[in-house]
Amino acid sequence: MADAKVIPFGEDRPRRRPSGRRVRAAPPAPPEPVVEAVPPLLEPVAQKPAGAGWERKVAGGLSFLRRRITGEYEVDEFGYDKELTDQVLMSLMRPLFDKYFRVEVKGIENIPKEGGALIVANHSGTLPLDGLMLQVAVHDHHPAQRHLRLLAADLVFMLPVVNELARKAGHTLACAEDAQRLLEAGELVGVMPEGFKGIGKPFGDRYKLQRFGRGGFVSTALRAGTPIVPCSIVGAEEIYPMVGNAKTLARLLGIPYFPITPTFPLLGPFGAVPLPTKWTIQFGEPIATDGYAAEAAEDPMLMFNLTDQVREQIQHTLYRLLVQRRSVFF
Amino acid sequence: MGKVVLVTGASRQLGGRFVRRIQRDPEVERVIAVDAVAPPHRLGSAEFVRTDIRQSAIARVLAEHAVDTVVHLAVTGSGAGTGGAHSTVKETNVIGTMQLLGACQKSPTVRRLVVKSSTSVYGGTSRDPAVFTETTEPKSLPAGGFAKDAAEVEGYVRGFARRRPDVAVCVLRFANILGPFADSALAEYFSIPVMPTVLGYDPRLQFVHEDDVLDVLRLAAREPRRGTLNSGTFNIAGDGVLLLSQCSRRLGRPTLPLLLPAVTWAGSVLRAVGVTDFSPEQVRLLTHGRVVETTQMREVLGFEPVYTTAETFADFARSRGSGLLPPERVARAVDRVAGMLNVDGSDVDVDVDVAEGAKR
């Protein structure tokens, strides 16, 4: 409401200034819109000398440190550490999002302001960077700064360190129980139903959606009565162009695929640096699921139809975005 | 009709407290405390019968006293006292339960059976859902140790419930029990000055306070209140979750992250010197953690724990004294740094900083 008042004032001001009389009649009016337009929390910073902002940052950092080392912070039952995610993990991923991949986010308004929703996205890129970028996209671009809770493969939770970070960043195992629990709690859940088939597909198959598992995500969304938001990610396919797959080595290491890219494993650790492609993340029109009867989640025909509908929508959006794309890197 | 309650495992700390507590209930007429060893603590007016539940003598005790409620607490992770060999513990857990259930089946007077179990029956692997409900099937059955005992005990109890549908059977799956008097393996673990942890894992833990354990056992041993049902299987845990890293920081005990094989090895060394019972079961808990849902406990059993997981842990931490790096001292050190820099770090609102960060 404050904004609605501010805009006419700002527009009026230049027109009335020449009349002179009006300006003097309402001297406090011009500064007011300025203060209102700037977020109120910046107000003390603007008034204090230049050192104050720095001081506040140090104070904030120290109080953060104090809470962390005394253990006085909260995690939810999935192990999601909101404070750590907001203050540390997000800040680590943000440069990658803003500067490196220069992600363009479209259709963020398709994500509901509140309540549960299931975001279904395509999966690609050899390493699941697309999931992490999706998380940053939702948090930084959504007006309500919503947190995306990703469903990750069991491999993530088998690896030391990775599982710990994944849980703290709010990810959990891709299983119906966890997904339903999160959706019923009103969380935003992200799933990539292609799984390893999508992320580990050869470069030649890029932007060809793989099979969507058994479509379990649809029945979960139906049971929870939450909308499904299809999401298409363009750009992630080219970060590690996978030209080969050392299957024997993968089997030996117990991983689903062992990627061979033009630079990896040829250049060793340098080969693990992703190519700086330009990304686009497009959220599509939500598909409502609350109109179905309670037993609809048990209907395989309906499940297949809805799965296909979601899949088609993502695939079409992918093709459209690819046509619009000028180049892979710009 | 007055109630005669038989409590097994009365020589354990928890059993003893439960025996003393339940005597005060007006509807309880007599309490028969049973264990294989004499209790080191008082049992009040309860009648102590020294008998081994692994022997059929327990049937005679049930008949002699016309017991109508059996509270089976002799399902434990470690032997009475320290250094109980696991084979003995296992026998008491499994054979003891079989004997006790056999005796109950023969007894015409028994109306109610309460069994203490553990959430460790769910196991815990990386492929399990984050939160276990009462109906979750474990992905892999526990290979050994207490978890396997508890799973087997529950199996026998289910068989008993089928054979005697007239007996109300309540199985309570407790999360890790902590409190000022806790003598469990986990309590011992939290008392090690430098706690070995598994490198790269930060398990989610849930605790239930001893006082809440006593309350819920009492609730289960009684006639159900209106609108509640106290037969069935229930998860019992305090609200909320603590990570192991949080626990160590709140205790002020530094951790020593070790690779998983090294932790198993360190555990066997610690067990050999008798410092703590660091079993493979324990290592599994400290790797993958375990969180259970407690909706059934609230809505069906009608029990609200007084202590949350964090409060339970705080109560436990107070009773243990501080570790090498007490949180107060660490916090003071940070405040001192803040004082030197002439900034006040203690009361800055985080949300402001978060919002500021996001705006940029």
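Since the model is a prediction, treat every value here as computed from it, not as a measurement. (Residues numbered from 1 in each chain as written. Chains lettered and ligands numbered in written order. Predicted model: local features only at pLDDT ≥ 70, side-chain atom pairs only at ≥ 80, totals over all residues. Heavy atoms only, no water.)

Engineer: If you had to explain the overall build of chain A to someone new, which residues and values would you point to?
Structural biologist: When you go through chain A residue by residue, the secondary structure sums to 14 helices and nine strands. Residues classed as buried in chain A amount to 46% of the 330 residues present. In chain A, the share of contacts with a sequence separation of at least 24, taken over all contacts with a separation of at least 6, comes to 76%. With the model as given, the accessible surface of chain A reaches about 16,700 Å², and the carbon-plus-sulfur share is 61%. (Helix = DSSP H or I, 4+ residues; strand = E, 2+ residues; numbered from the N terminus. Buried < 20%, exposed > 50% of the residue type's maximum accessible area, 1.4 Å probe, protein only. Contact = heavy atoms within 4.5 Å. Areas by Shrake-Rupley, 256 points an atom, 1.4 Å probe, with all protein chains shown as cover.)

Engineer: Mind laying out the pattern of salt bridges, listing which residues take part and the relevant values?
Structural biologist: All names here are of chain A. Within the structure shown, the criterion is met by 38 salt bridges over all chains. One salt bridge connects glutamate 237 with lysine 201, and the closest N-O pair in it is separated by 2.9 Å. With a gap of 36 residues between them, glutamate 237 in the loop between β6 (228–234) and β7 (244–245) and lysine 201 in the loop between α11 (196–199) and α12 (216–224) connect regions that are remote in the sequence. Among the salt bridges present, the one from aspartate 205 reaches lysine 208, with a minimum N-O distance of 3.9 Å. Under the relative-accessibility criterion, aspartate 205 is labelled partly exposed at 29%. Given a relative accessible area of 43%, lysine 208 falls into the partly exposed group. Counted as one network, the salt bridges with shared partners bring together Arg67, Arg68, Asp81 and Glu83. (Salt bridge = Lys/Arg side-chain N within 4 Å of Asp/Glu carboxyl O.)

Engineer: Let's hear about the packing of helix α7 (residues 244–251) of chain B against helix α11 (residues 309–320) of chain B: which residues, and what values?
Structural biologist: Residue and element names in this part refer to chain B. Between α7 and α11, the shortest axis-to-axis distance is 10 Å and the interhelical angle comes to 35°. Crossing of α7 over α11 shows right-handed handedness. Residues Cys247, Arg250 and Leu251 of α7 form the contact with α11, whose participating residues are Ala310, Phe313, Phe316 and Ala317. Tallied by class, the residues present in the contact of α7 with α11 amount to six nonpolar, no polar and one charged. (Axes fitted to C-alpha atoms, helices over the stretch in contact; angles between N-to-C directions. Left-handed = near helix turned anticlockwise from the far one by under 90°. Nonpolar A, V, L, I, M, F, W, Y, C, P; charged D, E, K, R; others polar.)

Engineer: Which residues make up the side chain of glutamate 237 of chain A, and what values do they have?
Structural biologist: Residues and elements named next belong to chain A. Using a relative accessible area of 6% as the deciding quantity, one classes glutamate 237 as buried. Only 2.9 Å separates the side chain of glutamate 237 from the backbone nitrogen of tyrosine 207, close enough to count as a polar contact. Setting aside anything within four residues of it in sequence, one finds glutamate 237 in contact with Ser124, Gly125, Lys201, Phe203, Arg206 and Tyr207. (Polar contact = N/O pair within 3.5 Å; in protein donor to acceptor, adjacent residues only side chain to side chain.)

Engineer: So what about the confidence of the model for chain A? Which residues, and what values?
Structural biologist: Close inspection of predicted coordinates is inappropriate in any region flagged by low pLDDT. Considering every residue of chain A, the mean pLDDT works out to 85; 85% of them sit at 70 or more. This stretch, residues 1–48 of chain A, has a pLDDT under 50; its non-local contacts, to residues over four places away or in other chains, come to 18 contacts. (pLDDT = per-residue confidence, 0-100.)

Engineer: How would you sum up the interface of chain B and chain A? Please name residues and give values.
Structural biologist: The interface is formed by 42 residues belonging to chain B together with 46 residues belonging to chain A. In this structure, the connection of chain B to chain A is made through four salt bridges. Aspartate 335 of chain B serves as the salt-bridge partner of arginine 66 of chain A, at 2.4 Å between the closest nitrogen and oxygen. On the surface where chain B and chain A come into contact, there are 14 residue pairs in polar contact (both at pLDDT 80 or more). Listed by contribution, the elements that provide at least two residues to the side of chain B that touches chain A are α7, α12 (327–340) and α13 (350–359) of chain B. Per-element accounting of the side of chain B that touches chain A gives the leading share, eight residues, to α13 of chain B. The residue makeup of the side of chain B that touches chain A, split by class, is 22 nonpolar, eight polar and 12 charged.

Engineer: Quick rundown of the packing of aromatic side chains? Include the residues and the values.
Structural biologist: Working definition: an aromatic ring pair is given by the centre-to-centre distance plus the angle between the planes. Tallying each qualifying case throughout the model produces 12 aromatic pairs over all chains. Relative to phenylalanine 313 of chain B, the ring of phenylalanine 207 of chain B has its centre 5.4 Å away and its plane inclined at 25°; by these criteria the two rings are stacked. In this pair, phenylalanine 207 of chain B is assigned in strand β10 (residues 207–209) and phenylalanine 313 of chain B in helix α11, connecting sequence segments 106 residues apart. In this structure phenylalanine 313 of chain B comes out as buried when scored by relative accessible area, which is 1%. Chaining the aromatic ring pairs together yields one cluster made of Tyr189, Phe190, Phe207, Phe313 and Phe316 of chain B. Stacked on the ring of tyrosine 73 of chain A, the Lys or Arg arginine 68 of chain A has its end atom at 3.6 Å from the ring centre. Taking NZ or CZ as reference, arginine 206 of chain A lies 4.2 Å from the ring centre of phenylalanine 203 of chain A, over its face. (Phe/Tyr/Trp six-rings, centres within 6.5 Å; stacked < 30°, edge-to-face > 60°. Lys NZ or Arg CZ within 6 Å of the ring centre and 35° of its normal.)

Engineer: Give me the lowdown on the nonpolar core, citing residues and values where you can.
Structural biologist: Grouped together as the largest cluster of nonpolar side chains are 66 residues, with contacts concentrated most on Leu6, Val70, Val71, Leu172, Phe174, Leu217 and Ile236 of chain B. At seven residues, helix α6 (residues 210–221) of chain B tops the list of elements feeding residues into this core. Ignoring any residue separated from it by four or fewer positions in sequence, one finds leucine 172 of chain B in contact with Val114, Val115, Lys116, Ser117, Ser118, Val216, Leu217, Ala220, Phe234, Ile236 and Leu301 of chain B. Leu151, Val189, Ile228 and Ala296 of chain A belong to the second-largest nonpolar core, a separate cluster that totals 35 residues. (Core = buried A, V, L, I, M, F, W, Y, C linked by side-chain atoms within 4.5 Å.)

Engineer: I'd like a rundown of the pairing of strand β6 (residues 168–174) of chain B, residues and numbers included.
Structural biologist: Residue and element names in this part refer to chain B. For β6, the tally of buried residues reaches seven of seven residues, placing the bulk of the element in the interior. As paired strands, strand β5 (residues 112–118) and β6 are joined by seven bridges and run parallel to one another. The partner of arginine 112 across the bridge, within β6, is alanine 168. On the question of chirality, the crossover connecting β5 to the parallel β6 by way of helix α4 (residues 145–163) is right-handed. Bridging between β6 and strand β11 (residues 232–236) involves five bridges; their strand directions are parallel. Pairing of leucine 172 across the sheet is with phenylalanine 234, part of β11. (Pairing = 2+ DSSP bridges. Right-handed = clockwise from strand over helix to strand, strands pointing away.)

Engineer: Lay out unusual backbone geometry in plain terms, naming residues and giving numbers.
Structural biologist: Residue and element names in this part refer to chain A. Here the amide bond leading from phenylalanine 264 into proline 265 is cis, since omega sits at 5°, within 30 degrees of zero. With respect to the helices, strands and loops of the structure, proline 265 is situated in the loop between β8 (259–260) and β9 (280–283). Phi at valine 161 takes a positive value of approximately 65°, unusual for a residue other than glycine. You can see valine 161 is positioned in the loop between α8 (154–158) and α9 (162–168).

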